[in-house]
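Okay, here's what each chain looks like letter by letter:
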Amino acid sequence: MNLSLYENASALRGLEQYQNVVANNIAASHVAGFKKVAVSFEAVEGGELARSTHDRLRNEMPGSFPVMKNQIDFVEGEMRETNNPQDLALRGNGFFALMNQNGESVYTRDGQFYTNAEGVMVNSMGHEFSDNGGNNIQTIPGGGPLTIDKEGQVFQNDQVVAQIGVFSFEDPLNDLQKVGGGFVPKEDDIQPVEADPENFTIMQGYIETSNVSAIEEMISLIEVSRAHEANQKMIQTFDQNIGKAIGTLGHTS
């Protein structure tokens, strides 16, 4: 058995997964508050069954195979001024909390909002923004424009009508996972805490852009393409050598 064929085939599979991640990063690069997925690879020795227990096959294959690892990059994006009072950006640590149609909390860095007919602050998907107590943010319908200070207090007609909730997690990298529209805790027992106002600033009239660098992602696509071509050529070479060997040995008398 030519182990190199299996190693190259495994590399091609990993490169395909890598390309899908990069393509998704590029596609979402225009989404406010989007956090890209960073990719890395590690080598797993042939015959390893479970990475958690590291049980092994008795007759293991010598060699190693690439395994892709990905994680969310929570680096803050740039703050872009829009002069739209319905745009909010969060500088520093923390997340806005949204309640979806199922009443579940979703956490996001995208602060773009509008008020619906009932005066409730919602995002483009209809998810309701939460206050610091976990309730929706109710404003006065037709009561005039909203002014929001750096700590998230919502003013209408010079009166405080609500407080935008900002929440933090002890370890976002390990505590959160991506879902449509933001992030949710990986486990039910992971609960956020109300963020300390000293650790964040809410900026009205700004949005946080995604932390995706289109140039870096395009370079990654080129690297993936070249690595894919190299592995394909290796497989073709091994296939040709095996064909020659079979042809030669098959005619040996």
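As a starting point, this report considers the structure included with it. Here, residues in each chain are numbered from 1, in the same order as that chain's written sequence. With pLDDT at 70 or above as the cut-off, local features in this predicted model cover only qualifying residues; side-chain atom pairs require 80 or more to be listed or tallied, and sums for whole chains, interfaces and linings still use all residues. Note that the side-chain values use all heavy atoms of the structure and ignore hydrogens as well as water.

**Side note on the overall build of the chain**
The secondary structure listing takes helices from DSSP runs of H or I that are at least 4 residues long and strands from runs of E that are at least 2 residues long, numbered from the N terminus. The number of helices and strands found in the chain is 3 helices and 18 strands. Burial status across the chain gives 36% buried among its 253 residues. Residue contacts are defined here by distance: any two heavy atoms, one from each residue, within 4.5 Å place the two residues in contact. Contacts in the chain between residues far apart in sequence, at least 24 positions, make up 63% of those at least 6 positions apart. Note on exposure labels: buried denotes an accessible area under 20% of the residue type's maximum, exposed denotes more than 50%, and partly exposed covers the range between, all computed with a 1.4 Å probe on protein chains only.

**A word on the pairing of strand β11 (residues 153–156)**
Of the two faces of β11, only the one carrying V154 and Q156 is buried; Q153 and F155 on the other face are not. Of the pairings in the sheet, the one linking strand β10 (residues 146–148) to β11 comprises 3 bridges and is antiparallel in character. When the bridges of β11 are listed, T147 appears paired with F155. Hairpin connection from β10 to β11: 4 residues lie between these consecutive antiparallel strands, with G152 at a positive phi of about 95°. Note on pairing: DSSP must find at least two bridges between two strands before they are called paired. Two strands pair when backbone bridges link them, and β11 and strand β12 (residues 159–163) are joined in this way by 4 bridges, in the antiparallel orientation. Bridge pairing in β12 links Q153 to Q163. Count of turn residues in the β11/β12 antiparallel hairpin: 2 residues, of which N157 carries a positive phi of about 55°.

**Brief notes about the nonpolar core**
One finds L88, F96, F113, F129, I148, I164 and I202 to be the most contacted residues of the largest nonpolar core, which totals 17 residues. Elements with a minimum of two residues in this core: β4 (88–92), β5 (95–99), β10 and β17 (200–204). Sequence-distant contacts of I148, defined by excluding residues within four places in its chain, comprise L88, F113, Q153, V154, I164, I202 and Q204. Grouped together as the second largest cluster of nonpolar side chains are 9 residues, A97, L176, F183 and I190 included. Here, the term nonpolar core denotes a set of buried Ala, Val, Leu, Ile, Met, Phe, Trp, Tyr and Cys residues that are joined through side-chain atoms within 4.5 Å.

**Let's talk about the packing of aromatic side chains**
Geometry of aromatic contacts follows a simple scheme: Phe, Tyr and Trp rings, the Trp one being its six-membered ring, pair when their centres are within 6.5 Å, and the pair is stacked under 30 degrees between planes, edge-to-face over 60, tilted otherwise. Here the structure, examined in full by the defined rule, presents 8 aromatic pairs. Plain terms: the ring middles of F74 and F183 are 5.3 Å apart, the flat faces sit at 50° to each other, and that makes the pair tilted. On the criterion of sequence distance, the pair formed by F74 in the loop between β2 (64–72) and β3 (79–81) and F183 in strand β15 (residues 182–185) is long-range, its members being 109 residues apart. Judged by its relative accessible area of 23%, F74 is partly exposed. Their ring planes at 85° and their centres at 5.1 Å tell us that Y107 and F169 sit as a pair that is edge-to-face. On the criterion of sequence distance, the pair formed by Y107 in strand β6 (residues 105–108) and F169 in the loop between β13 (166–168) and α2 (172–175) is long-range, its members being 62 residues apart. With respect to burial, Y107 and F169 carry one shared label: buried. Following the ring pairs from residue to residue traces out a cluster consisting of F74, F95, Y107, F167, F169 and F183.

**Topic: the pattern of salt bridges**
By definition, a salt bridge exists where a carboxyl oxygen of Asp or Glu is found within 4 Å of a side-chain nitrogen of Lys or Arg. Tallied over the full model, the rule gives 5 salt bridges. A salt bridge links E76 to R91, with the shortest nitrogen-to-oxygen separation between them at 3.9 Å. Taken together, the residues E76 in the loop between β2 and β3 and R91 in strand β4 connect sequence positions 15 residues apart. On the accessibility criterion, E76 (32% relative accessible area) is partly exposed. Of the charged contacts, one joins E76 and R109 as a salt bridge, the two residues approaching to 3.3 Å between their closest N and O atoms. Residue E76 is located in the loop between β2 and β3, and its partner R109 is located in the loop between β6 and β7 (114–115); the two are separated by 33 residues in the primary sequence.

**What about unusual backbone geometry?**
If you check the backbone angles, N83 has positive phi at about 60° while not being a glycine. Structurally, N83 is set in the loop between β3 and β4.

**Things to note about the sheet that holds β10**
The strand order across the open sheet built from 3 strands is β10-β11-β12, with neighbouring strands paired in antiparallel fashion. Edge positions in the open sheet fall to β10 and β12, since each of these has one partner strand only. When the angles between neighbouring strand axes are averaged without regard to direction, this sheet yields 35°. Each axis is a line fitted through C-alpha atoms, taken for helices only over the stretch in contact, and angles between the N-to-C directions span 0 to 180 degrees.

**Some thoughts on the environment of G134**
On the secondary structure map, G134 appears in the loop between β9 (128–129) and β10. Taking the C-alpha atoms as reference points, G134 and L98, separated by 36 residues in sequence, lie 9.0 Å from one another.

These figures capture arrangement, not role.
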